[in-house]
Structure formats: C-alpha cells, structure tokens
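# Inside the fold
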Amino acid sequence: MPTLVMDLFGGKHFGANRGIVGLSPAIGGYLLSTKLAGAVYARSAHDGLECVEQGACYRDAWIANFFVSALATAACSVLAGRDKRRRQGAATGVLGFRDNTSSAGEC
C-alpha cells in the first residue's frame, strides 16, 4: 500500500496521505457496521431490544452497504480511467506534460 500511495500522490506529503489512506477503511467500517447497522437493527427490533424477524432486521443495512460499495466501485473506475488518460498524455507530451527522455546530443 505505501508504494501505491507514493506512486499516486508523490512523496511531498507522503505521511499525511498514507495516514488518510490507511485510516479511511476503519472510519468507513465503523460508520457502516456500527452506526448504520445498529440504527437499522434498533429501528426493526421490537422494544429496541430483540429482533424477531431474523435477517430482515438488517436488510436495509445490507441494501445501504451494497449501494455505498457500488458507488465506491464506480468512483474508482472513473478515477482509474482519468489517471490512465493522464499518464498516456504525459507519455505523449499532451496536457502540458513533457517527455524528459532526450538523447545526449539534444538541448
């Protein structure tokens, strides 16, 4: 993971970027599994204590998790395509990037 962070964001603020990338799954997991699923269970449970409907008590949480995961997958796909186009542009000298590989005789 550190290599990926360095490759994508560079080394200028590596520590901060690595910390955010490493902490984000913990925050998302906490919010989706503890807060969202707990609230859905409490809403579905009778008297807020015990759910007699078994898996139906978590159905809305599963649906919400599915849509959040689908949205994250779509965002990753869009960003990966954008990064691929940016890298291809850099290799060909498009988008204001220059190819720094010149032969020894050129200025």
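Scroll up to find the structure.
So, here's what we can say about the structure.

## Let's talk about the overall build of the protein chain
A count of helical and extended segments in the protein chain gives 3 helices and 0 strands. In the protein chain, the order of α-helices and β-strands from amino to carboxyl end is α-α-α. Evaluated residue by residue, the protein chain yields a buried proportion of 8% over its 107 residues. Considering only intrachain contacts with a sequence separation of at least 6, the fraction spanning at least 24 residues in the protein chain is 20%.

## Description of the layout of surface pockets
Size it by volume and the largest pocket reaches roughly 530 Å³. Lining the largest pocket we find 13 residues, and of these L8, A75, C76, L79 and A80 sit closest to its centre. Tallied by class, the residues present in the lining of the largest pocket amount to 9 nonpolar, 1 polar and 3 charged.

## A word on the packing of aromatic side chains
By the definition in use, this model includes 2 aromatic pairs. Their ring planes at 70° and their centres at 5.3 Å tell us that F66 and F67 sit as a pair that is edge-to-face. Among the residues examined, F66 registers a relative accessible area of 53% and is labelled exposed.

## Comments concerning the side chain of S44
Positionally, S44 belongs in helix α2 (residues 14-44). Apart from residues no more than four positions distant in its own chain, S44 is found in contact with C51 and C57.

## Here's the deal with the packing of helix α1 (residues 2-9) against α2
Between α1 and α2, whose axes approach to 10 Å, the crossing angle comes to 120°. Here α2 runs oblique to α1, going by the angle between their axes. Judged by the sense of rotation from one axis to the other, the crossing of α1 with α2 is right-handed. On the side of α1, the interface is formed by P2, V5, M6 and F9, while α2 contributes F14, N17, R18 and V21. Of the residues assigned to the contact of α1 with α2, the class counts are 6 nonpolar, 1 polar and 1 charged.

## Brief notes about the environment of A42
In this fold, A42 is placed in helix α2. Take A42: its relative accessible area is 40%, and that puts it in the partly exposed class. Note: C-alpha distance between A42 and C57 (15 residues apart in sequence) is 8.4 Å.

## Details of the packing of α2 against helix α3 (residues 59-92)
Running from N to C, α2 and α3 point in directions that differ by 145°, and their axes come no closer than 9 Å. Packed against α2, whose contacting residues are L32, L36, A37, V40 and R43, the element α3 presents D60, A61, A64, N65 and V68 at the interface. Across the contact of α2 with α3, the residue classes tally to 7 nonpolar, 1 polar and 2 charged.

Reading the values: rules and limits
Numbering of residues starts from 1 in every chain and runs along the sequence as written. Only residues with pLDDT of 70 or above have their local features reported here, since the model is predicted, and side-chain atom pairs are shown and tallied only from 80 upward, although totals for entire chains, interfaces and linings are computed over all residues. Note that the side-chain values use all heavy atoms of the structure and ignore hydrogens as well as water. Working definition: helices are DSSP H or I runs of at least four residues, strands are E runs of at least two. Numbering for both runs from the N terminus. Per-residue accessibility, obtained with a 1.4 Å probe over protein chains only, is compared with the maximum for each type, and a residue is labelled buried under 20%, exposed over 50%, and partly exposed between these values. A contact between two residues is defined here by any heavy atoms of the two lying within 4.5 Å. Whether a set of points on the 1 Å grid over the protein atoms alone is a cavity depends on a 1.4 Å probe fitting there but being unable to get out, while an open set qualifies as a pocket with protein on both sides within 12 Å along at least five of seven lines; lining residues are those with an atom within 4 Å of a point. Grid points are joined across faces, edges and corners, and a volume is the space filled by probe spheres set on the points. Amino acids outside the nonpolar list (Ala, Val, Leu, Ile, Met, Phe, Trp, Tyr, Cys, Pro) and the charged list (Asp, Glu, Lys, Arg) are all regarded as polar, and Gly is one of them. A pair of aromatic rings is counted whenever rings of Phe, Tyr or Trp (Trp by its six-membered ring) have centres within 6.5 Å, and the orientation is called stacked for planes under 30 degrees apart, edge-to-face for over 60 and tilted otherwise. Angular values range over 0 to 180 degrees, each being the angle between N-to-C directions of two axes fitted as lines to C-alpha atoms, with helices fitted over their stretch in contact. The scheme is simple: roughly parallel for angles under 35 degrees, roughly antiparallel for over 145, roughly perpendicular for 65 to 115, oblique for anything else. Handedness of a crossing follows from how the near helix is turned relative to the far one, being left-handed for an anticlockwise turn of less than a right angle and right-handed for a clockwise one.

Without other data, these values stay purely geometric and don't point to any function.
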